[in-house]
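Summary of structural features
What follows is the residue order along each chain.
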Amino acid sequence: MQHSKILILDFGSQVTQLIARRVREAHVFCEVHPCDVSDDWVRAYAQDGTLKGVILSGSHASVYEETTDRAPQAVFELGVPVLGICYGMQTMAQQLGGKVEGGHTREFGYAEVRAHGHTALLKDIADFTTPEGHGMLKVWMSHGDKVTELPPGFKLMASTPSCPIAGMADEARHYYAVQFHPEVTHTVQGQALLNRFVLDICQARPDWIMGDYIAEAVAKIREQVGDEEVILGLSGGVDSSVAAALIHRAIGDQLTCVFVDHGLLRLNEGDMVMEMFAGKLHAKVIRVDASDLFLGKLAGVSEPEAKRKIIGGLFVDVFKAEAAKLKAGGAGHKGATFLAQGTIYPDVIESGGAKSKKAVTIKSHHNVGGLPEQLGLKLLEPLRELFKDEVRELGVALGLPHAMVYRHPFPGPGLGVRILGEVKKEYADLLRRADAIFIEELHNFTDAATGKTWYDLTSQAFTVFLPVKSVGVMGDGRTYDYVVALRAVQTSDFMTADWAELPYALLKKVSGRIINEVRGINRVTYDVSSKPPATIEWE
């Protein structure tokens, strides 16, 4: 199927992904590419006629410095609408004959912007109207520089007292630009503004829908794989689970899943994975119990990054050993030639940004590159165009249980990074049981105002094991047992997060149950740190 598409050119902003997510939420397909692609690349990208518009992202740079990036000139020669955001507005202004200068007053955070000129982008979009009849927008600003002179053909679209040109438009050419960030949730009408741009101005078809996407993805997998065999590392996480369900839908028994149980999973998680995939989907799953191997190698290691490297390296080693057996063939199959991975679009964008040096690298991703070359297998990544929320929608459409698909994120190293310091089997067993109680009670407690459970109201919740003992009293006796910390956060993008203000009654119930039911723990604390300055996980 030929989807309408929007091209997002990334100048290095940490929130470029949010632009793409907002466009996808309008059910329009879009892709993020580095801003320094060539004019020829842009023209080739637009050649099939599906490109309906271009969005230029923000950046931490200044447009008037000689070394900074410009949008490819071809963008302004395609005849499609263009939207510049923050730095994208500034480079549009400069490249089309306007002027940009360093601002005397920097704007970071909440601002109220006055709309001017009744442009197609902002017409009838406002948060409130002033007594003088001016439409106002509540927005998020993040800039030091500003446009001081409009390019020829442009008119003023928005302003603030400290930024007289906070938006501009050339409606004849369908060029629009805003100094604020419509992609962040703090800009109240941000989604409405982006919907207006992609659906009305660009006239892109809203045909990017996960239920419909299944048939398209299945056809693509069948075409790529043919009659060959595929191996997939099944972790029990959302991405690998949805990838497995989708590939199994496409090629059935040509897929073999390898589930490496490193002994650091949540309570009964391994059995649940096997029941779902081997039991209900009837997929071929090889379960490898490598818990003794992992715990043995982790003995005496307390530094978080060292633990991550050991767990990640061992996982690859165990998986490679199983994959080598499957690649060799025999026992009724001819040998696997594909490795499937649950790589999703944010992994691809972040890894691409790291390579292009446009974005400050946040983290490297084990899913992108490396393993296929080591194994000598071709790569199958059926989710690499999807964001996490789209992966979840796809999982439900494929028939996976809602509880599995909408589970909170779980780190690859598992409980290995939720046990502070050295990892021991005793600690993992205690933590598993305490964490299961916390999650169970989050499901049990409903918020009266929203009607939702506290599990659904939190973005991530878990228990952390602290390798310290504290004195307690139980009955008439003294105890000297371990401490756990509960952690629950609320966030829209995981870049920032606030600690969740859980009801005292819920915390009291969880604490009482853990101390009474998990022998070896006599104290429960609650983590009230936000990100930043803390991270969500403790290690």
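All figures in this text were calculated on a predicted structure; none of them were measured in a lab.

Further remarks concern the overall build of the protein chain. Each helix and strand in the protein chain was counted, giving 16 helices and 19 strands. Projected onto its principal axes, the C-alpha coordinates of the protein chain cover approximately 80 × 65 × 45 Å. A total of 539 residues make up the protein chain; the buried ones form 55% of that total. Intrachain contacts of the protein chain at a sequence separation of at least 6 include 75% that bridge at least 24 residues. Carbon and sulfur atoms make up 52% of the accessible area of the protein chain, which amounts to about 23,400 Å² in all. Of the side chains in the protein chain, 56 bear a positive and 67 a negative charge, and the two mean positions are spaced by 3 Å.

Glancing now at the sheet that holds strand β15 (residues 378-380). If you walk across this open sheet you meet the five strands as β13-β12-β11-β14-β15, and the pairing is parallel. The open sheet is flanked by β13 (284-289) and β15, the only strands paired with a single partner. Direction aside, neighbouring strands of the sheet carry axes that sit 30 degrees apart on average. Sheet topology note: the strand β11 (residues 229-233)/strand β14 (residues 336-340) ladder contains four bridges and is parallel. Bridge assignment links Glu229 to a residue of β14, and that residue is Ala336. Relative to β11, helix α6 (residues 238-251) is tilted by about 165 degrees, and along the sheet it contacts β11, β12 (255-261), β14 and β15.

To continue, consider helix α1 (residues 16-25). Side chains three or four residues apart in an α-helix point the same way, a direct result of the helix having 3.6 residues per turn. Of all 10 residues making up α1, nine are buried, and the element is well covered by its neighbours. When we look at burial in α1, the residues that qualify are Thr16, Gln17, Leu18, Ile19, Ala20, Arg21, Arg22, Val23 and Arg24. Positive phi appears at His27, one or two residues downstream of α1, with a value of about 65 degrees.

Attention shifts here to the UniProt feature "binding site: ATP" (unreviewed entry) in the protein chain. In this numbering, the UniProt entry assigns the feature "binding site: ATP" (unreviewed entry) to Ser235, Gly236, Gly237, Val238, Asp239, Ser240 and Ser241. Tracing the sequence through the fold places Ser235 in the loop between β11 and α6. With residues up to four places along the chain from it excluded, the contact list for Ser235 reads Ser240, Phe259 and Leu265. Engagement of the side chain of Ser235 in a polar contact is seen with the backbone nitrogen of Gly237, the distance being 3.0 Å. For Gly237, a relative accessible area of 29% gives the class partly exposed.

The next point concerns helix α4 (residues 190-201). In a regular helix each residue adds 1.5 Å, so 12 residues correspond to 16 Å; α4 covers 15 Å between its end C-alpha atoms and thus fits that length. Along its buried surface, α4 packs onto β1 (5-10), α1, β3 (51-56), β4 (82-85) and β10 (175-178). Within two residues after α4, Gln203 carries a phi angle of roughly 55 degrees, on the positive side.

Further remarks concern the pairing of β4. In β4, alternate side chains face the same way, and those of Val82 and Gly84 on one face and Leu83 and Ile85 on the other are all buried. Strand direction decides the pairing type here: β3 and β4, joined by three bridges, are parallel. Paired with Ile55 across the bridge in β4 is Leu83.

Okay, the pairing of β1 next. β1 sits mainly inside the fold: six of its six residues count as buried. Where burial is concerned, the two faces of β1 agree: the one with Lys5, Leu7 and Leu9 and the one with Ile6, Ile8 and Asp10 are both buried. Pairing of β1 with β3, which is carried by five bridges, proceeds in the parallel orientation. Paired with Leu7 across the bridge in β3 is Val54. The pairing of β1 with strand β2 (residues 29-34) spans six bridges and is parallel. Each bridged residue has a counterpart across the sheet, and for Ile6 the counterpart in β2 is Cys30. As for the winding sense of the linkage, the β-α-β connection from β1 through α1 to β2 is right-handed.

Thresholds applied
Residues numbered from 1 in each chain as written. Predicted model: local features only at pLDDT ≥ 70, side-chain atom pairs only at ≥ 80, totals over all residues. Heavy atoms only, no water. Helix = DSSP H or I, 4+ residues; strand = E, 2+ residues; numbered from the N terminus. Buried < 20%, exposed > 50% of the residue type's maximum accessible area, 1.4 Å probe, protein only. Contact = heavy atoms within 4.5 Å. Areas by Shrake-Rupley, 256 points an atom, 1.4 Å probe, with all protein chains shown as cover. Lys, Arg positive; Asp, Glu negative; His and termini not counted. Charge placed at Lys NZ, Arg CZ, Asp CG, Glu CD. Pairing = 2+ DSSP bridges. Axes fitted to C-alpha atoms, helices over the stretch in contact; angles between N-to-C directions. UniProt positions renumbered as here; feature names shortened; annotations may be inferred. Polar contact = N/O pair within 3.5 Å; in protein donor to acceptor, adjacent residues only side chain to side chain. Expected span 1.5 Å × (residues − 1). Right-handed = clockwise from strand over helix to strand, strands pointing away.

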